[in-house]
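# Breakdown of the fold
Chain by chain, the residues run as shown.
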Amino acid sequence: MLLLMPRVAARLKRIPLPERLQSMRLAPRHLSLLSYLLFDGPMQVSHLAARLEVAPTTVSLMVSDLVQQGVLVRENDPADRRRTIVGLTGDPVTRSAIERWLASGAAAWREAFEPLTPDERAVFVRTIEIYEGATGGAEGR
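Residues numbered from 1 in each chain as written. Predicted model: local features only at pLDDT ≥ 70, side-chain atom pairs only at ≥ 80, totals over all residues. Heavy atoms only, no water.

What the protein contains, in helices and strands, is 6 helices and 2 strands. Counting helices and strands in the order they occur from the N terminus, the protein gives α-α-α-α-β-β-α-α. Principal-axis analysis of the C-alpha atoms gives the protein an extent of 45 × 35 × 30 Å. Counting every position in the protein, which comprises 141 residues, the buried fraction comes to 27%. Taking all contacts inside the protein whose residues are at least 6 apart in sequence as the whole, residues at least 24 apart take part in 51%. Roughly 9,700 Å² of accessible area belongs to the protein as shown, and the carbon and sulfur atoms make up 58% of that amount. Side-chain charges of the protein comprise 18 positive and 16 negative groups, with the mean position of each set lying 5 Å from the other. (Helix = DSSP H or I, 4+ residues; strand = E, 2+ residues; numbered from the N terminus. Buried < 20%, exposed > 50% of the residue type's maximum accessible area, 1.4 Å probe, protein only. Contact = heavy atoms within 4.5 Å. Areas by Shrake-Rupley, 256 points an atom, 1.4 Å probe, with all protein chains shown as cover. Lys, Arg positive; Asp, Glu negative; His and termini not counted. Charge placed at Lys NZ, Arg CZ, Asp CG, Glu CD.)

The subject of this paragraph is the pairing of strand E1 (residues 72–77). By the bridge criterion, 6 bridges tie E1 to strand E2 (residues 80–88) in an arrangement that is antiparallel. When the bridges of E2 are listed, Glu75 appears paired with Ile85. Between E1 and the antiparallel strand that follows it, E2, lie 2 residues. (Pairing = 2+ DSSP bridges.)

So, about the pattern of salt bridges. The final tally for this structure, using the stated rule, is 6 salt bridges. The shortest N-O distance in the salt bridge between Asp40 and Arg51 comes to 2.3 Å. Residue Asp40 is located in helix H2 (residues 29–40), and its partner Arg51 is located in helix H3 (residues 45–52); the two are separated by 11 residues in the primary sequence. For Arg82, the salt bridge is made with Asp80, and the minimal N-O distance between the two is 3.0 Å. Arg82 sits in the exposed class, given a relative accessible area of 75%. Classification of Asp80 by relative accessible area gives buried; the value is 16%. (Salt bridge = Lys/Arg side-chain N within 4 Å of Asp/Glu carboxyl O.)

Structure follows, in structure tokens:
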């Protein structure tokens, strides 16, 4: 695993951006944020931050940048006008490009998980979660 994980990370960084997104300074760190918005729909910055496990200010900066680039939109929360909801742009060309960018990773996960039983999938996900948690404290060791 120590040899495989860097190769996986390097390969993910090389996923080509669709032409429509190439001028938008998107990076692999945007994949998770865009994935949540694509699959779960619009949400508050604080909810995105919680899911991404980063500070709300970090997500707010990313969102501001992506709004300026036309990738995301901010709207008032219809349930509470004091709150702002972030979502993907309504532009069909940009949205389609985002879907294509995320599709290769989703297809790879489907291929990897397809032969596994639900229990085997759960063990794999839990193992990666434990590994991630264990590496989080490695700086202080």
